[in-house]
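# Chain and residue survey
One letter stands for each residue in the lines below.
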Amino acid sequence: MFQIVEDAAKKIRTMEVRGAARIARFAAETLKLFAESINGDFDEKMKKAAEILLKTRPTAVSLYNSVNYVLRYEGENEEEKRKNAIKRAEEFIKWIETAHEKIGEIGARRIRRNSVVMTHCNSSAALAVIKEAFKQGKVKEVFATESRPRMQGHLTIKELNEEGIPATLIVDSAVRYFMDDVDCVIVGADTITANGALINKIGTSQIALAAKEARVPFMVAAETYKFSPKTLFGELVIIEERDASEVAPPEILSLKGVKVRNPAFDATPRDYIDVIITEIGAIPPEMAYLVIKERFGYAILEEGELKISPKHFD
Ligand code: RUB
């Protein structure tokens, strides 16, 4: 019964499906398929499926927002509930698609002609901006960090290459070395907190620091479902720490007295961020609180449990 959901959870956990937007989309698609297959005990089964999905990776709030959006289905009977859950899953997927298009359009306006752009990891939102700006003849070259240990930078390089965008792969530690040649940095987001901080791939905060020191604008491309309503209630973002074997070989891991740590994300304070490009506009990070109120206004504590649903998302 839960096989579809268990399989999907495995794909997210092992990072076969990765990146905050892709994970959110995949979760909505999975819940849609699962809702179609349920026969009896609809509410309990949907709740359990949601729990399985939410346990996979803790950091990107897009997963939480997607699951939570679908789970706010309504209906008098099982058939109505199923229909509504499927409709909501489709709505969330549409939200993702339209947001990327808008972000590309808005973000490209922030890029000057002949720009050299730096990016980190592999972000569909950041790439939407870069691709649109390139179409408009504004991007001369893109520096992409390899993004150790999982090397998502290779995906970025391939994607840029497919679009015919001149791209240069650099190691993460070469960021400051090349920063003087860069006109702007653009990265994606896993979560934006109520105080405007950015949670993104490990190493993002170092890039932001280097950009600030070199007076290079640092932009974030983030759909509004990357904003965390939970942080409004004081909840802290959990930074996923992955297996040490992703970082070091067995001969290092077996050394007595040596620890190997592998956090997958870090936090960049809002003071390092020039602008956040969302589908509802280019906003200063200080406005994160208002975005959360606007998009997730219908956020209530029900019996100690946080229930959140966007008011609208056109
Ligand atoms: C991916 C990552 C990306 C954000 C934004 O980490 O940090 O920068 O998720 O991506 P991982 P997008 O590979 O560990 O999932 O803009 O596509 O949502």
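What you are looking at is a predicted structure, and each value in this text was computed from that prediction instead of being measured.

## Remarks on the domain arrangement of the protein
Domain boundaries in the protein define domain 1 (3–99) and domain 2 (102–296). The C-alpha-based centres of domain 1 and domain 2 are spaced at 26 Å. With 21 residues of domain 1 in contact, the opposing surface of domain 2 contributes 31 residues. Considering only the side of domain 1, the residues that lose the most area to domain 2 are Thr 59, Trp 95 and Ala 99, jointly responsible for 28% of the buried surface there. Across the contact surface, domain 1 and domain 2 share 1 salt bridge. The partner of Arg 57 in a salt bridge is Glu 240, with the nearest N and O atoms 2.9 Å apart. Elements that contribute at least two residues to the side of domain 1 that touches domain 2 include exactly α2 (20–37), α4 (61–71) and α5 (78–109). Looking at the side of domain 1 that touches domain 2 residue by residue, the class counts come to 12 nonpolar, 5 polar and 4 charged.

## Quick notes on the site of the ligand
In the region of the ligand, 18 residues are neighbours, and Arg 18, Ser 123, Ser 124, Asn 200 and Lys 201 sit closest. In this structure, an oxygen atom belonging to the ligand sits 2.5 Å away from a side-chain N or O atom of Ser 124. In this structure, Ala 125 approaches the ligand through a main-chain N or O atom, which is 3.1 Å from an oxygen atom. Protein burial of the ligand: of its 460 Å² of free accessible surface, 100% is covered by the chains. Of all the secondary-structure elements, those providing two or more residues to the shell around the ligand are α2, α6 (124–135) and β6 (198–201). The residue inventory of the shell around the ligand, partitioned by class, reads 7 nonpolar, 6 polar and 5 charged.

## Looking at α6
For α6, built from 12 residues, the straight-helix expectation of 16 Å at 1.5 Å per residue is met to within 8% by its first-to-last C-alpha distance of 16 Å. By the burial criterion, the buried members of α6 are Ala 125, Ala 126, Leu 127, Ala 128, Val 129, Ile 130 and Ala 133. In this structure Ser 123 caps α6, since a side-chain oxygen of it lies 3.3 Å from the backbone nitrogen of Ala 125. Looking one or two residues beyond α6, the residue adopting positive phi is Gly 137, at roughly 75 degrees.

## Some words on the confidence of the model for the protein
Confidence in the prediction of the protein, expressed as mean pLDDT, is 94, and 94% of residues score 70 or more. When pLDDT is averaged over each helix and strand of the protein, the minimum, 52, is found for strand β11 (residues 298–302) and the maximum, 99, for strand β1 (residues 115–119).

## As for the pairing of strand β3 (residues 167–170)
Where strand β2 (residues 139–145) and β3 come together, 4 bridges link them in parallel fashion. Paired with Phe 143 across the strands is Thr 168, a residue of β3. Considered for its hand, the β-α-β crossover made up of β2, helix α7 (residues 152–162) and β3 is right-handed.

## A few points about a nonpolar patch on the surface
A surface patch of nonpolar side chains, about 220 Å² in accessible area, is lined by Ile 252, Leu 255 and Val 258. Since its relative accessible area comes to 33%, Ile 252 is described here as partly exposed.

## As for the side chain of Thr 59
Position of Thr 59 among the secondary structure elements: in the loop between α3 (42–54) and α4. Looking at Thr 59, the relative accessible area reads 3%, which means it is buried. A distance of 2.7 Å separates the side chain of Thr 59 from the backbone oxygen of Ile 238, its partner in a polar contact. If near-sequence neighbours (up to four positions away) are discounted, Thr 59 is found in contact with Asp 190, Thr 191, Ile 199, Val 237, Ile 238, Ile 239, Glu 240 and Phe 265.

## Notes on the nonpolar core
Core analysis: the largest hydrophobic core is formed by 39 residues, its most contacted members being Met 118, Met 179, Val 185, Ile 192, Phe 218, Val 220 and Phe 227. Mapped onto this core, the elements with two or more residues apiece are α2, α5, β1, α8 (175–179), β4 (184–187), α9 (204–213), β7 (218–221) and α12 (288–295). The residues that make up this core include at least three from each of domain 1 (3–99) and domain 2 (102–296). Residues contacting Val 220, with those up to four places away along its chain left out, are Val 187, Gly 188, Ala 189, Ile 192, Leu 198, Ile 273, Val 275, Ile 276 and Ile 277. Listed in part, the 28 residues of the second largest apolar core include Phe 34, Phe 42, Leu 53 and Ile 93.

## Some details on the packing of aromatic side chains
Aromatic ring pairs are defined here through the distance separating the ring centres and the angle between the ring planes. Going through the model one piece at a time under the given rule, you end up with 8 aromatic pairs. Ring geometry for Phe 92 and Tyr 225: centres 5.4 Å apart, planes at 55 degrees, overall tilted. Of this pair, Phe 92 sits in helix α5 while Tyr 225 sits in the loop between β7 and α10 (229–232); the two residues are 133 residues apart in sequence, bridging distant segments of the chain. You can call Tyr 225 buried: its relative accessible area is 0%. Ring pairs connect the aromatic residues Tyr 69, Phe 92, Trp 95 and Tyr 225, which therefore count as one cluster. Directly above the aromatic system of Phe 2 lies the positively charged group of Lys 48, at a separation of 4.3 Å from the ring centroid. Positioned above the aromatic ring of Tyr 64 is the side chain of Lys 230, whose terminal nitrogen or guanidinium carbon lies 4.1 Å from the ring centre.

Reading guide: rules and limits
- Residues numbered from 1 in each chain as written.
- Predicted model: local features only at pLDDT ≥ 70, side-chain atom pairs only at ≥ 80, totals over all residues.
- Heavy atoms only, no water.
- Domains from an automatic or database assignment.
- Contact = heavy atoms within 4.5 Å.
- Buried area = accessible area lost by both parts, 1.4 Å probe.
- Salt bridge = Lys/Arg side-chain N within 4 Å of Asp/Glu carboxyl O.
- Helix = DSSP H or I, 4+ residues; strand = E, 2+ residues; numbered from the N terminus.
- Nonpolar A, V, L, I, M, F, W, Y, C, P; charged D, E, K, R; others polar.
- Near = heavy atom within 4 Å.
- Polar contact = N/O pair within 3.5 Å; in protein donor to acceptor, adjacent residues only side chain to side chain.
- Areas by Shrake-Rupley, 256 points an atom, 1.4 Å probe, with all protein chains shown as cover.
- Expected span 1.5 Å × (residues − 1).
- Buried < 20%, exposed > 50% of the residue type's maximum accessible area, 1.4 Å probe, protein only.
- pLDDT = per-residue confidence, 0-100.
- Pairing = 2+ DSSP bridges.
- Right-handed = clockwise from strand over helix to strand, strands pointing away.
- Patch = residues over 30% accessible without salt bridge, like charges linked within 9 Å, V, L, I, M, F, W, Y side chains within 5 Å.
- Core = buried A, V, L, I, M, F, W, Y, C linked by side-chain atoms within 4.5 Å.
- Phe/Tyr/Trp six-rings, centres within 6.5 Å; stacked < 30°, edge-to-face > 60°.
- Lys NZ or Arg CZ within 6 Å of the ring centre and 35° of its normal.

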